[in-house]
Amino acid sequence: MKERLNREIRISAFSDGFIDLDEFESSLELGKAIAAKQQANISCVTLDLRQCYLLYQHSSLYLDQALRLLRVASMDTKGKKLLRIMTSIDFGAIEPMAGVFFQISDEVSSGTNDDLVTVVTLINRYCETHGIDIRIEVYDQNATAGTEHPETEYVFPGASNELAT
Amino acid sequence: MAKGIISKPYQIKAWSELVGLNPLLKAHDTLPQGKFARLNLDFSQVHQVDAIGLSIFLARVVQARSMVSDATITIDMPTSRAVASTLESLGLKMHLARLGLELSLEQRLFDQIDDVPASAQKCLLDEQLFHWETVVSIRPGQGDRDQLISYAKREIKNFLNRDEARRFVHEQVMIILLEMVKNTFDHSGRPALLGLSFIESSARKGKFAFSYCDTGEGISRTVRHHIKTLATQSGRTESLDAIENELSSEKTKHLIRLSQNGAFSDILHWALQPGHSTKSGNGVNFGLGLMYIVEGSRKCGIRLSLKEADSMWILTQLSSPYSHAEIRRFGINTCSPSLLMFFGELEYSR
């Protein structure tokens, strides 16, 4: 666990000025910022998207870059990799959450898919193939930084949503 | 040389309390179809106005205006300066122009008002600690789709960003509202109006509310048409397997029955199922579908209602999986004229 934390890349989109992730340019710039973090032995990428406006059409521009970092890393690093997405958005089920973040992902599905159940299946398959876990953590928007616990987690592979205890 | 006949303008009167859902009570203005008309928007009796009320009223005006092929429009402003000032701050003149309701004469709108003491409008505002509101008008076909959606996003963000204390989840509200805006472009193609309102009293209790009125055909007709298309496609599919063929035939019959004879509660039931969206496969807007608008609203504490045709549902009162019985139970018939409207309220105390 300690080893994993040492190789974690953490990006806070809001603090770094990427607030309007519902816009193409801002999403593209965040993607570039993530890609610039490329280094060996990355085991965890944490992307804090809280307080950022999101749009599913553009989320692949930065999330695909985060997945690529982990996929490339998985070639020379043993063990599971993890993509943590921190957000305050919650649609209450894994399908719409998969839609918001991965519906147009080239990395996960090599194209677009308008059936959200299929999107979930494709994410699960991608995770299993590349040894990557994806965890969407939903936080109370007023939680204090550093002391917060997610209220809900949506986990791939597994297609389950579980209430944090 | 023939002299033109000057007829009296058709009066479209604004409800005197142009606040909240009150304008839904106004009868539909039936104009003679397909003819030139002179319309006068009469605000003279208005003594209270807010963004929700104005957006609903303007949607009703757009519906009436669509009955005639051409029209000149004039306007009577309220006698109260405070009310006129609120209309000005809500951008009445700009919205009329954006909605294709340009005034025929260069009226000096906000100079017509008698300087009378401020009415109930000012009292209403004085009791509130924080209060801001805005109206966003959307008119598909009048410019580039992406630019028009960007305009709507900008306006919604300007509104949300004023809530510096972040009393509710802005980014989730944005996704829900934007889904409605995109539905207007992808299904209705007709003008829509979004009213946004935020009020907090000194007791640190507050309410965020929105109304989204789409002046198009509504969910019922769009879904019926879509189901009919599905039935046609399903009927064409043939399989070598006899059981599959029988199931497909039953499915086709069911879809045809639904599209032709289904009540709106049946249509709503179809639209609320996961994965059911009339947008599927259009390659432009994949969308989340109605179910996720409802679940997304519920998750962030919004009480979401839907008005369609002459009925109204509090959608967030329904629980998933949505049953026919429950949908029928929570539907309320109204005497209000047909209008597709989402209405959301989020109340909180700090």
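Thresholds, definitions, all that
Residues numbered from 1 in each chain as written. Chains lettered and ligands numbered in written order. Predicted model: local features only at pLDDT ≥ 70, side-chain atom pairs only at ≥ 80, totals over all residues. Heavy atoms only, no water. Helix = DSSP H or I, 4+ residues; strand = E, 2+ residues; numbered from the N terminus. Buried < 20%, exposed > 50% of the residue type's maximum accessible area, 1.4 Å probe, protein only. Contact = heavy atoms within 4.5 Å. Areas by Shrake-Rupley, 256 points an atom, 1.4 Å probe, with all protein chains shown as cover. Pairing = 2+ DSSP bridges. Axes fitted to C-alpha atoms, helices over the stretch in contact; angles between N-to-C directions. Buried area = accessible area lost by both parts, 1.4 Å probe. Salt bridge = Lys/Arg side-chain N within 4 Å of Asp/Glu carboxyl O. Polar contact = N/O pair within 3.5 Å; in protein donor to acceptor, adjacent residues only side chain to side chain. Phe/Tyr/Trp six-rings, centres within 6.5 Å; stacked < 30°, edge-to-face > 60°. Lys NZ or Arg CZ within 6 Å of the ring centre and 35° of its normal. Expected span 1.5 Å × (residues − 1). Parallel < 35°, antiparallel > 145°, perpendicular 65-115°, else oblique. Nonpolar A, V, L, I, M, F, W, Y, C, P; charged D, E, K, R; others polar.

**Q** Just to check I follow, could you spell out the overall build of chain B for this structure?
**A** What chain B contains, in helices and strands, is 11 helices and 12 strands. Classification of the 350 residues of chain B by burial places 53% in the buried group. A sequence separation of at least 24 residues applies to 76% of the contacts in chain B between residues at least 6 apart. Approximately 16,400 Å² of chain B is accessible, and the part contributed by carbon and sulfur atoms is 51%.

**Q** I'm lost on the sheet that holds strand β3 (residues 36–42) of chain B in this one. Help?
**A** Two orientations exist for strands paired in a sheet by backbone hydrogen bonds: parallel and antiparallel. Residues and elements named next belong to chain B. Pairing in this open sheet of three strands is parallel, and the strands run β1-β3-β5 from one edge to the other. Looking at strand neighbours, the two that pair on one side only are β1 (10–13) and β5 (70–76), the edges of this open sheet. With direction set aside, neighbouring strand axes in the sheet form an average angle of 25°. Here β1 pairs with β3 via four bridges, running parallel. Across the sheet, Lys 13 pairs through a bridge with Asp 42, a residue of β3.

**Q** What is the right way to read the interface of chain B and chain A from this model?
**A** Taken together, the 28 residues of chain B in the interface contact 27 residues of chain A. Carbon and sulfur atoms make up 55% of the surface buried where chain B meets chain A, a total of about 2,400 Å² over both sides. The interface formed by chain B and chain A contains five salt bridges. Seen at the junction of chain B and chain A, the total is nine residue pairs in polar contact (both at pLDDT 80 or more).

**Q** Help me understand the packing of aromatic side chains in this model?
**A** For any pair of aromatic rings, geometry is given as the distance between the ring centres together with the angle between the planes. Residues and elements named next belong to chain B. Throughout the structure, instances matching the rule amount to 10 aromatic pairs over all chains. Seen in terms of ring centroids, Phe 159 and Phe 208 are 6.0 Å apart; in terms of plane orientation they differ by 40°. Their pairing is tilted. Taken together, the residues Phe 159 in helix α5 (residues 145–161) and Phe 208 in strand β8 (residues 205–214) connect sequence positions 49 residues apart. The pair Phe 159 / Phe 208 is uniform in exposure class, with both members buried. Of the aromatic side chains, those joined through ring pairs into one cluster are Trp 132, Phe 159, Phe 168, Phe 198, Phe 208, Phe 210 and Tyr 348. In this structure, Arg 98 packs its charged tip against the face of Tyr 151, placed 3.8 Å from the ring centre.

**Q** Before we go on, may I ask you to explain helix α4 (residues 94–102) of chain A in this structure?
**A** Along an α-helix, residues three or four positions apart point the same way, because every turn accommodates 3.6 residues. With respect to burial, α4(A) is a largely interior element, eight of its nine residues being buried. For α4(A), the complete set of buried residues consists of Ile94(A), Pro96(A), Met97(A), Ala98(A), Gly99(A), Val100(A), Phe101(A) and Phe102(A).

**Q** Sorry, what's going on with the pattern of salt bridges here?
**A** Oppositely charged side chains may form a pair once their charged atoms are brought near each other. Residue and element names in this part refer to chain A. The tally for this structure, following the rule as stated, stands at 24 salt bridges over all chains. One salt bridge in this structure joins Glu 29 and Lys 32, with 3.5 Å as the shortest N-O distance. Separated by three residues within a single helix, Glu 29 and Lys 32 lie in helix α2 (residues 24–35), roughly one turn from each other. For Glu 29, a relative accessible area of 40% translates into the label partly exposed. Accessibility expressed as a relative area gives 48% for Lys 32, which makes it partly exposed. Arg 50 is paired through a salt bridge with Asp 48; the nearest N and O atoms lie 2.9 Å apart. No difference in accessibility class separates Arg 50 from Asp 48, as the two residues are buried.

**Q** What am I meant to see in unusual backbone geometry here?
**A** Glycine aside, a negative phi is what most residues show, and trans is what most peptide bonds show. Geometrically, the link from Phe156(A) to Pro157(A) is a cis peptide bond, its omega value of -5° lying close to zero. Relative to the helices and strands, Pro157(A) resides in the loop between β7 (152–156) and β8 (160–163). Located in the positive-phi region is Gln51(A), a residue other than glycine, with phi close to 70°. For Gln51(A), the position within the fold is in the loop between β3 (44–48) and β4 (53–54). Gln51(A) gets classed as partly exposed once you look at its relative accessible area, which sits at 29%. Unusually for a residue other than glycine, Arg166(B) sits at a positive phi of about 45°. If you trace the backbone, Arg166(B) turns up in the loop between α5 and α6 (170–188).

**Q** Can you walk me through α6(B) in this structure?
**A** All names here are of chain B. In this model α6 runs 26 Å from its N-terminal to its C-terminal C-alpha over 19 residues, within 8% of the 27 Å that 1.5 Å per residue would give. Taken across its 19 residues, α6 has 16 buried, putting it largely inside the fold. Looking one or two residues beyond α6, the residue adopting positive phi is Gly 189, at roughly 70°.

**Q** It is not clear to me how the packing of α4(A) against helix α6 (residues 116–130) of chain A should be interpreted in this structure. Could you clarify?
**A** Each pair of packed helices can be described by the angle between their axes along with the distance between the axes. Residue and element names in this part refer to chain A. Packing of α4 against α6 brings their axes to within 8 Å, and their N-to-C directions diverge by 75°. Comparing the axis directions of α4 and α6 gives the class roughly perpendicular. Here Ile 94, Glu 95, Pro 96, Ala 98, Gly 99 and Phe 102 of α4 lie close against α6, whose contacting residues are Leu 116, Val 117, Val 119, Val 120 and Ile 123. In terms of residue class, the contact of α4 with α6 is built from nine nonpolar, one polar and one charged.

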